[in-house]
Amino acid sequence: MAAEIHSRPQTARPVLLNKIEGHSDAVNAAVLIPKEDGVITVSEDRTIRVWLKRDSGQYWPSIYHTQYNAHLSAMWPPCSCMSYHHDSRRIFIGQDNGAVVEFLISEDFNKMNHVKTYPAHQNRVSDMVFSLESEWVVSTGHDKSVSWMCTQSGSMLGRHYFTAWASCLQYDHETQHAFVGDYSGQITLLKLENQTYSIITTLKGHEGSIATLWWDPVQRLLFSGASDHSVIMWDIGGRKGRTLLLQGHHERVQALRYLQLTRQLLSCSADGGIAVWNMDAQREEAPQWLDSDSCQKCEQPFFWNIKQMWDTKTLGLRQHHCRKCGKAVCGKCSSKRSTFPIMGFEFPVRVCDACFDTIKEEDRTALATFHEGKHNIAHMDMDPSRGLMVTCGSDRIVKIWDVTQVVGCSLATGFSPR
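Residues numbered from 1 in each chain as written. Predicted model: local features only at pLDDT ≥ 70, side-chain atom pairs only at ≥ 80, totals over all residues. Heavy atoms only, no water.

Filter applied, for reference: UniProt positions are given in the numbering used here, feature names are shortened, and annotations may be inferred rather than shown by experiment.
The name that an unreviewed UniProt entry assigns to the chain is WD repeat and FYVE domain containing 1, with the source organism given as Dicentrarchus labrax. Per UniProt, the chain carries the Subcellular location (unreviewed entry) text "Early endosome".

Structure follows, in structure tokens:
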């Protein structure tokens, strides 16, 4: 199957099926309703909307929910995120004021009833996951915390504070492990219990705030996207703790989805870039950058190496690093640029002259394809069984895509394109 997937034509790209307009502010999340021609959206404009496809082929809101609090004489806060559980039709909405609100959607998707409001955070809710198995709603917020609450009693079970805003979350329903990304660029792995928790480890590798996480419980792989424009794959299940760096975006990576059956990773960035990474290919870890006071090729001193500059009566040079070997080099010894997809570098990066000479033409073969979403993408959801993807963002537009030709969903699931 892998050979078939990799031989798909490079010209294949996502096909825009529908464009939903109508929100008056940024759309913070959009999810596809399984087995229905429908989409649920939450927005900064304080609305929750359920859009169903009509006979005309257009999507119209069957639910348009906004709430005026007469007691407080105020509109309810902007909606920042959501977690939708289709089998139970329970939906949890994160709000700008720190609350999480639970609703139950009717079978015909025409009505939504309020169930509970959870006082989860003191500030904006950034992400959340509802777990039916444990009857918990786990959430992160700009009050620098992760909290978990019981959905049966509505009570707080636990909370942990970080040193920076908690920005995104993934949760393993079977083992009750939570992965929390924050604005300092760190990912914390916690084991959650009923009234307590323990910190298992912290993952450091990004040079910017973590914007999105995706956890694959089958292969035990964690993927993270950040404001440093990069994606990192963390092999949580592997004994060596292998990490792979993927660089191909030119803006903040804000959405991720790993397709376990086809071994592909989809990533979306703020500038509308959509990347499809072949994770079935043989890949290598990028080297750690080495420290040195002088160029590890020509031995000329770097500008802070005062002693060698004085002894040799030479001016100090700027330090750079070769992306292939990790050595500290001067500009003259690293004048070349090359792609090196096997290490995740899909666009040309600095390499030392010696490494450049070792890179063969076949080593430059791309292991990812790049596509234009042509709008800001803050959130993305997929239904691999139907080969559908939905994207939304600050431009107030929601786009629905057919991605079967790009990710090979039909090969994975037996779905035949429409």
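## Describing the sheet that holds strand 31 (residues 368–372)
Spelled out, the test is: Only strands joined by at least two bridges in the DSSP assignment are considered to pair. Helix and strand assignments come from DSSP, with helices taken as H or I runs of at least 4 residues and strands as E runs of at least 2, each series counted from the N terminus. In this analysis an axis means a line fitted to C-alpha atoms, helices contributing only their contacting stretch, and an angle means the value between N-to-C directions, from 0 to 180 degrees.
Strand order in the open sheet made by the four strands is 24-25-26-31, with antiparallel pairing throughout. At either margin of the open sheet sits one strand with a lone partner, and together these are strand 24 (253–259) and strand 31. Here the strands of the sheet are splayed against their neighbours by 15 degrees on average, with no regard to which way each runs. One ladder, built from five bridges, connects strand 26 (residues 273–278) with strand 31; its direction is antiparallel. Each bridged residue has a counterpart across the sheet, and for Gly273 the counterpart in strand 31 is Glu372.

## With respect to the nonpolar core
Operational definition: In this text, buried Ala, Val, Leu, Ile, Met, Phe, Trp, Tyr and Cys residues form a nonpolar core when linked through side-chain atoms within 4.5 Å. The buried label applies to any residue whose accessible area, calculated with a 1.4 Å probe on protein chains only, is under 20% of its type's maximum; exposed applies above 50%, and partly exposed to all values in between. Any two residues whose heavy atoms approach within 4.5 Å at even a single point are treated as in contact.
Counting 20 residues, the largest nonpolar core has Ile40, Ile48, Ile91 and Ile105 as the members making the most contacts within it. Where this core is concerned, the elements lending two or more residues are strand 2 (27–32), strand 3 (38–43), strand 4 (48–53), strand 8 (79–85), strand 9 (90–95) and strand 10 (100–105). If we ignore the near neighbours within four places in the chain, the residues touching Ile48 are Ile40, Thr41, Val42, Ile63, Tyr64, His65, Trp76, Cys79, Ile93, Phe103 and Met112. In terms of nonpolar packing, the next biggest core, distinct from the first, is built from 15 residues, Val129, Val146, Cys150 and Ala166 among them.

## Notes on the environment of Pro34
As for its placement among the helices and strands, Pro34 is situated in the loop between strand 2 and strand 3. With a relative accessible area of 29%, Pro34 lands in the partly exposed category. Each C-alpha atom, one on Pro34 and one on Pro341, is 35 Å from the other, the two residues being 307 residues apart in sequence. In contact with Pro34, not counting residues within four places along its chain, are Tyr84, His86, Asp383 and Arg386.

## What to know about the UniProt feature "repeat: WD" (unreviewed entry) in the chain
The sites that carry the UniProt feature "repeat: WD" (unreviewed entry) are, in the present numbering, residues 20–51, 203–236, 246–287 and 370–403. Along residues 20–51 one finds 0% helix and 53% strand; the C-alpha atoms at either end are 9 Å apart. Secondary structure within residues 246–287 divides into 0% helix and 50% strand; the distance between the first and last C-alpha atoms comes to 13 Å.

## Some remarks on empty space enclosed by the protein
Stated formally: Only protein atoms enter the 1 Å grid used here. Points where a 1.4 Å probe fits but cannot escape make up a cavity, open sets with protein on both sides within 12 Å along at least five of seven lines make up a pocket, and a residue lines them when an atom lies within 4 Å of a point. Grid points are joined across faces, edges and corners, and a volume is the space filled by probe spheres set on the points. Side-chain classes are defined by residue name, with Ala, Val, Leu, Ile, Met, Phe, Trp, Tyr, Cys and Pro counting as nonpolar, Asp, Glu, Lys and Arg as charged, and the others, Gly among them, as polar.
In the structure shown here, the tally under the stated rule is one cavity of 30 Å³ or more. Taken as a whole, the largest cavity encloses approximately 40 Å³ of empty space. The wall of the largest cavity is formed by Leu32, Glu36, Asp37, Gly38, Val39, Tyr59, Arg386, Leu388 and Ile400. A breakdown of the residues in the lining of the largest cavity according to their chemical character gives five nonpolar, one polar and three charged.

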